[in-house]
Amino acid sequence: MNLYSLVIEPLHYEFMIRALTTTVLAAIVCALLSCWLILVGWSLMGDAVSHAVLPGVVIAYIAGIPFAAGALVFGFIAVAAIGILRGTSRIKEDAAIGIVFTTLFALGLVLISTTPSHTDLNHIIFGNILGVSTSDLQQVALLAVIAFAVLIAKRRDLTLYAFDPTHAYAIGLSPRALGALLLALLALTTVVALQVVGVILVVAMLIIPGATAHLLTDRFNRMLLIAPIMSALSSVLGIYLSYWLDASSGGLVVLVQGVVFTVVYLFSPSHGLIAKTRQHRRTNDQWKQHSAEAQVP
Amino acid sequence: MTSAIRADGVTVQYGDVRALEDVSLGVEFGSVTGLIGMNGSGKSTLFKTIMGLTRPVQGTVSINGRTPTQARKEGLLGYVPQSEDVDWTFPVSVRDVVMMGRYAYQGFTRKPTSADRQVVEQALERVGLQTFGSRQIGQLSGGQKKRTFVARGLAQGANVLLLDEPFAGVDKSSESTIVQLLRELADEGHCVLISTHDLHALPQLADEAILLLQSILFQGPVADALRPENLSLAFGLDIRRAEESE
Ligand SMILES: Nc1ncnc2c1ncn2[C@@H]1O[C@H](COP(=O)(O)OP(=O)(O)OP(=O)(O)O)[C@@H](O)[C@H]1O
Ligand SMILES: [Mg+2]
């Protein structure tokens, strides 16, 4: 086996080209969005929304309308239901999220099982990247471009929303509108990533890249570069691995991202575990030295 | 002259909890006012009501004669959050934060102009942080953190500054830097309203004090506010007892 047969040969297959293109598009948009999600503290919400869109996607499939429309509607239904449950009962937020998203996800499963020819729909749950059709790719590309453009154009507002919504309010902006925008982008992006890893693993692509980048830099603009690049590279590697090993593509895409995160978590020069331990030890030593000197009469 | 902040008969309710009861007060431009009260007395609630984040069930608030909504649109209100409300690991620099004061003046994507950058640099200089612009906000001392948010208010052009507990976790020397800065801003015509537990700094800091415990117990000169009979009203009887036993 040589490099050619490993890397170039798979590209002779059109399905691999489509798979890689779709993956890179999805990885980039998910990674961008993840930078805000982890800073707003919406990881759990991302998990919830990405599961809760399932019935929306199934209904859209049955009705023959774009998946994104169904996903958006159910994304908002989920968030509204969580908010209402938390605001009008003694149920805490994490429980409210757990109840709402599992119920909606279950509704999606039931709908799938009662829909004739539901093999396509099973792909929504586990992803089917190696079976992406040209029209799937077109839909993903369109959504990805929209989400990308909005995220970049509104990046400063979204960062303000994540950092200090009260200040946004104080200067006459609407944190509520910005929150809704972020939510809509979350639902859109979920649809983009569904194709690659499926509903169950989407949340990984929506959290891991941002978290990884956050461990590498103190500059938000740099996070917006690091996250998509790392995510795209790891996802491409995941797809190749799945081709070589003939194993779950969605699983490998996420697994590679998780491994990259672990490496960064351990070895990041600024915020990694090892660097931090070393720093800590250094300050401790200095501290001991200081107190030793101070004790000299 | 129009008061900077005016509240008339403001009552605020959170479900069954009455946080503010019939609060009326006036705070003027060109002054520093200390808002004193124990935990849960309603200080943060009063700030939220002034900003329009919380709607009173009764009464009205006006800022420079305007409704809170209008005042927000005009960028009159600068807000320095309580430390616990800020994510200090957030990947923004001091300069980024101060630039957020300019957003209301900027276009759809909030792309800063060179005029914006100049205003930001001036604000940084004003609070003495000109050499700290590119620091991540978590890498500042407690006092520098507060000054960053004051600079944001200045870049915003706010002339009413609300500071919630700015001295919590700030050492004495940074505290006096902040006190001096706020005094200067008041002398230039800003209205500064500060909630604080720190009674010792009050005489140097504030022209007036407001004692709050659900409703206004006292508003007037600091020296009078600090009289034991007034403080014992605001904090319960513990202070008087503590002082007598000393
Ligand atoms: N969101 C809320 N829901 C219900 N009750 C609230 C809420 N926020 C505040 N309260 C209650 O309103 C009262 C006033 O609270 P507030 O936060 O204004 O006090 P504070 O003076 O700022 O206290 P601290 O010094 O601890 O910051 C308290 O009894 C508090 O428990
Ligand atoms: Mg408070």
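The name given to chain B in an unreviewed UniProt entry is ABC transporter, with the source organism recorded as Brevibacterium aurantiacum. In its Sequence similarities (unreviewed entry) section, the UniProt record describing chain B reads: "Belongs to the ABC transporter superfamily."

K.L.:
I would appreciate a short explanation of the interface of chain A and chain B in the present structure.
P.N.:
Many structure descriptions define interface size as the accessible area lost when the parts assemble. Taken together, the 22 residues of chain A in the interface contact 32 residues of chain B. In total, about 2500 Å² of surface goes out of reach between chain A and chain B, with carbon and sulfur atoms giving 62% of it. A per-residue breakdown of the area chain A buries against chain B is headed by A:Arg156, A:Phe163 and A:Tyr169, which together make up 30% of the total. Close ionic contact of A:Asp157 with B:Arg110 constitutes a salt bridge, the shortest N to O distance being 2.5 Å. For the pair chain A and chain B, the interface holds twelve residue pairs in polar contact (both at pLDDT 80 or more).

K.L.:
Which parts of the structure should I look at to understand the packing of helix H11 (residues 175-197) of chain A against helix H12 (residues 199-214) of chain A?
P.N.:
For any two helices packed against each other, one specifies the crossing angle of their axes together with the interaxial distance. Residue and element names in this part refer to chain A. Where H11 meets H12, the axes come as close as 8 Å, and the angle between the chain directions of the two elements is 115 degrees. As for the relative orientation of H11 and H12, their crossing is right-handed in sense. Residues Leu 186, Thr 189, Thr 190, Ala 193, Leu 194 and Val 197 of H11 form the contact with H12, whose own contacting residues are Val 199, Leu 201, Val 202, Met 205 and Leu 206. Of the residues contributing to the contact of H11 with H12, the split by class is nine nonpolar, two polar and no charged.

K.L.:
What exactly am I supposed to notice about the site of ligand 1 here?
P.N.:
Residues and elements named next belong to chain B. By nearness alone, 13 residues border ligand 1, and Asn 39, Gly 40, Lys 43, Ser 44 and Thr 45 come closest of all. Here an oxygen atom of ligand 1 sits 2.8 Å away from a polar atom, N or O, in the main chain of Gly 40. Protein burial of ligand 1: of its 630 Å² of free accessible surface, 62% is covered by the chains. Take the shell around ligand 1: its biggest share by element is three residues, from helix H1 (residues 43-51). Residues that form the shell around ligand 1 fall into these classes: three nonpolar, eight polar and two charged.

K.L.:
Where do I start with a nonpolar patch on the surface in this structure?
P.N.:
All names here are of chain A. Taken together, the side chains of Leu 3, Tyr 4, Val 7, Ile 8, Leu 11, Ile 17, Leu 237, Trp 244 and Leu 245 define a hydrophobic patch exposed on the protein surface, amounting to about 800 Å² of accessible area. Put simply, the parts of the chain that give the nonpolar patch at least two residues each are helix H1 (3-8) and helix H13 (220-245). It is H1 that contributes the most residues to the nonpolar patch, four residues altogether. Along the chain, Val 7 turns up in helix H1.

K.L.:
Looking at this structure, I do not really get the domain arrangement of chain B. What am I missing?
P.N.:
Residue and element names in this part refer to chain B. Per the domain assignment, the segments of chain B are domain 1 (1-76 + 159-246) and domain 2 (85-158). For domain 1 versus domain 2, the distance between C-alpha centres works out to 25 Å. Taken over both partners, the interface formed by domain 1 and domain 2 buries close to 1200 Å², and the fraction arising from carbon and sulfur atoms is 63%. There are two salt bridges connecting domain 1 and domain 2. Taking the shortest distance from any N to any O, the salt bridge between Glu 188 and Arg 126 comes out at 2.3 Å. If you look at where domain 1 meets domain 2, you find five residue pairs in polar contact (both at pLDDT 80 or more). Only strand S6 (160-164) and helix H6 (172-187) provide two or more residues apiece to the side of domain 1 that touches domain 2. At six residues, H6 tops the list of elements feeding residues into the side of domain 1 that touches domain 2. Class assignment of the residues belonging to the side of domain 1 that touches domain 2 gives a composition of nine nonpolar, six polar and three charged.

Definitions and cut-offs
- Residues numbered from 1 in each chain as written.
- Chains lettered and ligands numbered in written order.
- Predicted model: local features only at pLDDT ≥ 70, side-chain atom pairs only at ≥ 80, totals over all residues.
- Heavy atoms only, no water.
- UniProt positions renumbered as here; feature names shortened; annotations may be inferred.
- Contact = heavy atoms within 4.5 Å.
- Buried area = accessible area lost by both parts, 1.4 Å probe.
- Salt bridge = Lys/Arg side-chain N within 4 Å of Asp/Glu carboxyl O.
- Polar contact = N/O pair within 3.5 Å; in protein donor to acceptor, adjacent residues only side chain to side chain.
- Axes fitted to C-alpha atoms, helices over the stretch in contact; angles between N-to-C directions.
- Helix = DSSP H or I, 4+ residues; strand = E, 2+ residues; numbered from the N terminus.
- Left-handed = near helix turned anticlockwise from the far one by under 90°.
- Nonpolar A, V, L, I, M, F, W, Y, C, P; charged D, E, K, R; others polar.
- Near = heavy atom within 4 Å.
- Areas by Shrake-Rupley, 256 points an atom, 1.4 Å probe, with all protein chains shown as cover.
- Patch = residues over 30% accessible without salt bridge, like charges linked within 9 Å, V, L, I, M, F, W, Y side chains within 5 Å.
- Domains from an automatic or database assignment.

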